[in-house]
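# Architecture at a glance
These are the residues of each chain, in order.
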Amino acid sequence: QVHMVESGGGLVQAGGSLRLSCAASGSIFDIKAMGWYRQVQGKQRELVAAITRGGITNYAAAVQGRFTISRDNAENTVALQVNSLKPEDTAVYYCYAEQVGIVLKSWGQGTQVTVSS
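Read on for an overview of the structure.

The rules behind these values
- Residues numbered from 1 in each chain as written.
- Predicted model: local features only at pLDDT ≥ 70, side-chain atom pairs only at ≥ 80, totals over all residues.
- Heavy atoms only, no water.
- Helix = DSSP H or I, 4+ residues; strand = E, 2+ residues; numbered from the N terminus.
- Buried < 20%, exposed > 50% of the residue type's maximum accessible area, 1.4 Å probe, protein only.
- Contact = heavy atoms within 4.5 Å.
- Pairing = 2+ DSSP bridges.
- Axes fitted to C-alpha atoms, helices over the stretch in contact; angles between N-to-C directions.
- Phe/Tyr/Trp six-rings, centres within 6.5 Å; stacked < 30°, edge-to-face > 60°.
- Lys NZ or Arg CZ within 6 Å of the ring centre and 35° of its normal.

### Quick word on the side chain of S106
As for its position among the elements, S106 is in strand β10 (residues 106–107). The buried category is assigned to S106, whose relative accessible area is 7%. The contacts of S106, once residues within four sequence positions are left out, are V2, M4, C95, Y96, A97 and Q99.

### Thoughts on the environment of C95
Among the structural elements, C95 can be located in strand β9 (residues 91–99). Beyond its immediate sequence surroundings of up to four residues, C95 is in contact with M4, E6, C22, G35, W36, V78, S106, W107 and G108.

### Quick look at the sheet that holds strand β8 (residues 77–82)
Spatial strand order, β1-β3-β8-β7: 4 strands in an open sheet with antiparallel pairing. Two strands lie at the open edges of the sheet, namely β1 (2–7) and β7 (67–72), each paired on one side alone. Taking each pair of neighbouring strands and ignoring which way they run, the sheet shows an average axis angle of 15°. Two strands pair when backbone bridges link them, and strand β3 (residues 18–26) and β8 are joined in this way by 6 bridges, in the antiparallel orientation.

### Considering the packing of aromatic side chains
With the rule as written, the count across this model stands at 3 aromatic pairs. Ring geometry for Y37 and W107: centres 5.2 Å apart, planes at 75°, overall edge-to-face. Here Y37 is found in strand β4 (residues 31–39), whereas its partner W107 is found in strand β10, with 70 residues between them in sequence. According to the relative accessible area criterion, Y37 is buried, its value standing at 17%. Members of the aromatic cluster, joined through ring pairs, are Y37, Y96 and W107. Over the ring of Y94 we find R45, and its NZ or CZ is 3.7 Å from the ring centre. It is R45 that lies over the ring of W107; its NZ or CZ is 4.6 Å from the centre.

Here it is in structure tokens:
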């Protein structure tokens, strides 16, 4: 099983920036996609951004142009640069990894991002 550990969340004013990082360890093999979801209490977890091993990215419409996902395949890390933050970006952000041949994603414990207006 892959163990995911996030860091970099915090409290920031609207318009500010943060950099979220996530490192994968453990039974790492053939990680295909990595990315980030976020969840507001009482709502479903939603995809924020994803990146394939080859570097193809996908963003939610709400964050397009403000967030940038990156990945280091050698280090098995994924990062999310979040700029121009809005109060509606407030959520717990979870990183994940998908492995070839394994249906379930591996998840981190989550990191809180709070944006004040």
